[in-house]
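Coordinate inspection notes
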Amino acid sequence: SDDIAFTDRTVGSNYTQIYHKEVKASRTVGKLAQYGIAGEFDYQASKAVPELGRLIEKQLYRGARKAGSATTPRAMGGFGTFITDNSINAGGAVTQADIEDALELAYADGGFGPFQAFVSPANKQVIKNIYDSTSFLRVDRTERTIGMNIESIETPFGTVDLVMDRWAPNGSIYIVDPTNAGMVTYDPFFQEPLSQGGDYVKGEVIGEFSLAIRQDKSHAVITGIS
């Protein structure tokens, strides 16, 4: 038997991150009858969940992977921790060529799509202006509405869906193959009581999550956007 080429298998990793918010409601306000609010504590706890969800969303763009210690909280790495190979430097405003060049790199390294590009509102407007022109847009004379809302782009290397996110940075656009990326729910959000220290009800909303990325070269990133 002759030797054949083989590749050592490597396994990526990430840490889970705990998100929690303390909730308190005084005994007095808890006994008040409020229109549309069955209980003050449960109302405040329900408001905490979308707030913590926004922190998870921000961590996708700014998260740095940390094991944690007695003085440093454990943190999950975001897109930037894993998507480092297929990088295009825009050196200015993002262009059609930047998008297609990034997709070409991801496709050549195994990405299939349809891809998702996470764009800030500013970058979404720039991309919209690229295609919102007479060379792409056709308007019938009876049409009373003009303009274009770009939701996806067809390229030679696959479709890319634009996901506008107010927390996405203006300086970069992560292009992700969703078949190789997703969130892991280690512990879904739940409420648990805490010991009282006064005339109030006290508890916390807590959950634990992480980002999972496989085949890191099947994704791409556009950097240097200004």
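Refer to the structure presented above.
Now for a look at the structure at hand. (Residues numbered from 1 in each chain as written. Predicted model: local features only at pLDDT ≥ 70, side-chain atom pairs only at ≥ 80, totals over all residues. Heavy atoms only, no water.)

Turning next to the sheet that holds strand β7 (residues 181–193). The antiparallel open sheet is built from three strands, whose spatial order is β1-β8-β7. Strands at the two margins of the open sheet, each flanked by one partner only, are β1 (17–26) and β7. With strand direction ignored, the average angle separating the axes of adjacent strands in the sheet is 15°. As paired strands, β1 and strand β8 (residues 200–213) are joined by 10 bridges and run antiparallel to one another. Each residue of the ladder has a partner; that of His-20, found in β8, is Ile-206. Along the sheet face, helix α2 (residues 40–62) touches β1, β7 and β8 and points at about 155° away from the line of β1. (Pairing = 2+ DSSP bridges. Helix = DSSP H or I, 4+ residues; strand = E, 2+ residues; numbered from the N terminus. Axes fitted to C-alpha atoms, helices over the stretch in contact; angles between N-to-C directions. Contact = heavy atoms within 4.5 Å.)

It is worth spelling out helix α4 (residues 96–108) at this point. The end-to-end C-alpha separation of α4 is 18 Å, in line with the 18 Å expected for 13 residues at 1.5 Å each. Within the sequence span of α4, burial applies to Asp-98, Ile-99, Ala-102, Leu-103 and Ala-106. The arc enclosing the buried residues of α4, seen along the axis, measures out at 125°, which places them on a common side. Count one or two residues on from α4 and you reach Gly-110, which has phi positive near 115°. (Expected span 1.5 Å × (residues − 1). Buried < 20%, exposed > 50% of the residue type's maximum accessible area, 1.4 Å probe, protein only. Arc of directions from axis to C-beta.)

On to the packing of aromatic side chains, then. Scanning the entire structure with this criterion turns up six aromatic pairs. Between Tyr-61 and Phe-118, the ring centres sit 6.5 Å apart and the planes meet at 65°, which makes this aromatic pair edge-to-face. Placement of the pair is Tyr-61 in helix α2 and Phe-118 in strand β3 (residues 115–119), with a sequence separation of 57 residues. Residue classification places Tyr-61 among the buried positions, given a relative accessible area of 9%. (Phe/Tyr/Trp six-rings, centres within 6.5 Å; stacked < 30°, edge-to-face > 60°.)

Trans is the prevailing form of peptide bonds, just as negative phi is the prevailing case for residues other than glycine. Residue Pro-114 is bonded to the preceding Gly-113 through a cis peptide linkage, with omega at 5°. Structurally, Pro-114 is set in the loop between α4 and β3. The phi dihedral of Gln-215 falls on the positive side, at around 45°, and the residue is not glycine. Tracing the backbone shows Gln-215 in the loop between β8 and β9 (220–225).

Bear in mind that shape data such as this cannot, by itself, settle questions of function.
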